Amino acid sequence: MLDFEKPLFEIKNKIESLKESQEKNDVDLQEEIDMLEASLARETEKVYTNLKPWDRVQLARLQERPTSLDYIPHIFDSFIELHGDRNYRDDPAMIGGIGYLNGQAVTIVGQQRGKDTKDNIYRNFGMAHPEGYRKALRLMKQAEKFNRPIFTFIDTKGAYPGKAAEERGQSESIARNLVEMASLTVPVISIVIGEGGSGGALGLGITNRILMLENSTYSVISPEGASALLWKDSNLAKIAAETMKITAEDLYELNIADEVIKEPLGGAHHDVETQAQSIKHTFETHLAELNKLTNEQLVEDRYQKFRTIGSYTE
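Thresholds, definitions, all that
Residue numbers run consecutively from 1 along every chain, following the written order of its sequence. Under the rules for a predicted model, residues below a pLDDT of 70 receive no local features and side-chain atom pairs below 80 are neither given nor counted, while totals for whole chains, interfaces and linings still include all residues. Hydrogens and water molecules were not included; the side-chain quantities draw on all heavy atoms of the structure. To pair, rings of Phe, Tyr and Trp, with the six-membered ring standing in for Trp, must have centres within 6.5 Å; the planes then decide the type, stacked if under 30 degrees apart, edge-to-face if over 60, and tilted in the middle. In DSSP terms, a helix is any run of H or I states spanning at least four residues, a strand is any run of E spanning at least two, and both are numbered starting from the N terminus. Only protein chains enter the accessibility calculation, which uses a 1.4 Å probe; a residue whose area is less than 20% of its type maximum is buried, one above 50% is exposed, and one in between is partly exposed. Charges are assigned to positions over rings by a cutoff of 6 Å between ring centre and Lys NZ or Arg CZ, combined with an angular limit of 35 degrees from the ring normal. UniProt positions are given in the numbering used here, feature names are shortened, and annotations may be inferred rather than shown by experiment. Bear in mind that the domain bounds are from an automatic or database domain assignment. Residues enter a nonpolar core if they are buried and are Ala, Val, Leu, Ile, Met, Phe, Trp, Tyr or Cys, with the set joined through side-chain atoms within 4.5 Å. Contacts between residues were defined by any pair of non-hydrogen atoms, one from each residue, lying within 4.5 Å.

## Regarding the packing of aromatic side chains
The geometry of an aromatic ring pair is captured by two quantities: the separation of the ring centres and the angle between the planes.
For step 1, the next point in the chain: This model, assessed by the stated rule, comprises six aromatic pairs.
For step 2, the next point in the chain: Both rings, one in Phe 4 and one in Tyr 48, keep their centres 6.0 Å apart while their planes meet at 85 degrees; by these two values the pair is edge-to-face. Taken together, the residues span a long stretch of sequence, with Phe 4 in the segment before helix 1 (6-25) and Tyr 48 in helix 2 (residues 30-48) at a distance of 44 residues. Across the pair, exposure class does not vary: Phe 4 and Tyr 48 are buried alike.
For step 3, the next point in the chain: One aromatic cluster in this structure is built from Phe 76, Phe 151, Phe 153 and Phe 283.
For step 4, the next point in the chain: Lying over the aromatic face of Phe 9, Lys 12 brings its terminal NZ or CZ to 4.9 Å of the ring centre.

And the structure:
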């Protein structure tokens, strides 16, 4: 339960208590229950339609939030996962493969968090090593060779900062992805489904279109990191989140995100299938636009997108 959800849980607990009392004591409390349920519906809409940036950061980090592998089966047909970077090993924090979107062969690459403690350890909490980014690039270059559009799912706190990752060239692997993705001659669409953090997120983010779920975030540093650097106090993360402009709506206004995809009330985890269908519809719309461009126009479109970032006036 998140802090801003506490009033909702208090009402839910009262409803459950009345239901138990009604059943146990054989008394009619339905009128009171109906009133509380109506109040819960009103408060739920009020809470989730007035979320603060820090509230959205908390939602983006939820353990229950759907991952790349939760969405892919609902969006793409006949997905086949491919493994390994052909250099060192397979990185479970980065998944990728081939599937179909309405009969068109596509390549899918995504960062993958774990669903529980054991899975998070296996997936390294969604923080990829260099071999993860090299696997992603291998699949994207393969997609270019066979003229397949590319879809990337961004969902990471950042690239893994450990000693072994640095020894194997973490920064070089991400930098190479940025360079190579900039010149891909096929449509590339990315979507931020949770937390898009630092260069680890950008390693999949040099795309023609950047989409974001309503409660996702995308930033160069976490609010905790920013507050620690700026004010020497990570406890001021809530204030940092307010000023950093890291929410989907903020980034859409700054022309960094191309579209914000609405989530079910309460977050994507409340209805994964409906959320996946919304993502699929948005993918179809943007892919149809990009399919009209030539190879050279796709590269130029991507170049111009990033050239305009930072050109902002009130």
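## Quick notes on the UniProt feature "coiled-coil region" (unreviewed entry) in the protein chain
For step 1, the next point in the chain: Within this structure's numbering, the places UniProt gives as "coiled-coil region" (unreviewed entry) are residues 19-46.
For step 2, the next point in the chain: For residues 19-46, helix accounts for 86% and strand for 0%, while the C-alpha atoms at its two ends are 25 Å apart.

## Here's the deal with the UniProt feature "domain: CoA carboxyltransferase C-terminal" (unreviewed entry) in the protein chain
For step 1, the next point in the chain: UniProt annotation of "domain: CoA carboxyltransferase C-terminal" (unreviewed entry) refers to residues 32-289 when read in the numbering used here.
For step 2, the next point in the chain: Helix makes up 47% of residues 32-289 and strand makes up 19%, while its end C-alpha atoms are separated by 53 Å.

## Comments concerning the domain arrangement of the protein chain
Note: interface size is frequently given as the accessible area lost on complex formation between the parts.
For step 1, the next point in the chain: Partitioning the protein chain into domains gives domain 1 (5-50) and domain 2 (63-308).
For step 2, the next point in the chain: Summarising the inter-unit geometry, the C-alpha centres of domain 1 and domain 2 are found 39 Å apart.

## Some remarks on the nonpolar core
One recurring pattern in soluble globular proteins is that nonpolar side chains are buried together.
For step 1, the next point in the chain: By size, the foremost hydrophobic cluster in this structure holds 29 residues, and its most contacted members are Met 94, Val 109, Met 140, Ile 150, Leu 204, Met 212 and Tyr 218.
For step 2, the next point in the chain: Residue assignment for this core shows that the elements contributing at least two residues are helix 6 (130-145), strand 4 (150-156), helix 8 (170-182), strand 5 (188-197), strand 6 (209-213) and helix 12 (248-253).
For step 3, the next point in the chain: Sort the elements by how many residues they give to this core and helix 6 lands first, with five residues.
For step 4, the next point in the chain: Setting aside anything within four residues of it in sequence, one finds Leu 204 in contact with Met 94, Val 109, Gly 110, Gln 111, Ala 136, Met 140, Thr 152, Phe 153, Ile 154, Met 181 and Ser 190.
For step 5, the next point in the chain: Grouped together as the second largest cluster of nonpolar side chains are 23 residues, Val 106, Ile 193, Phe 283 and Leu 290 included.

## Digging into the environment of Leu 8
For step 1, the next point in the chain: On the secondary structure map, Leu 8 appears in helix 1.
For step 2, the next point in the chain: Separated by 200 residues in sequence, Leu 8 and Asn 208 have C-alpha atoms that sit 40 Å apart.
For step 3, the next point in the chain: Each residue touching Leu 8, except ones within four places of it in the same chain, is listed here: Leu 40, Glu 43, Thr 44, Val 47 and Tyr 48.

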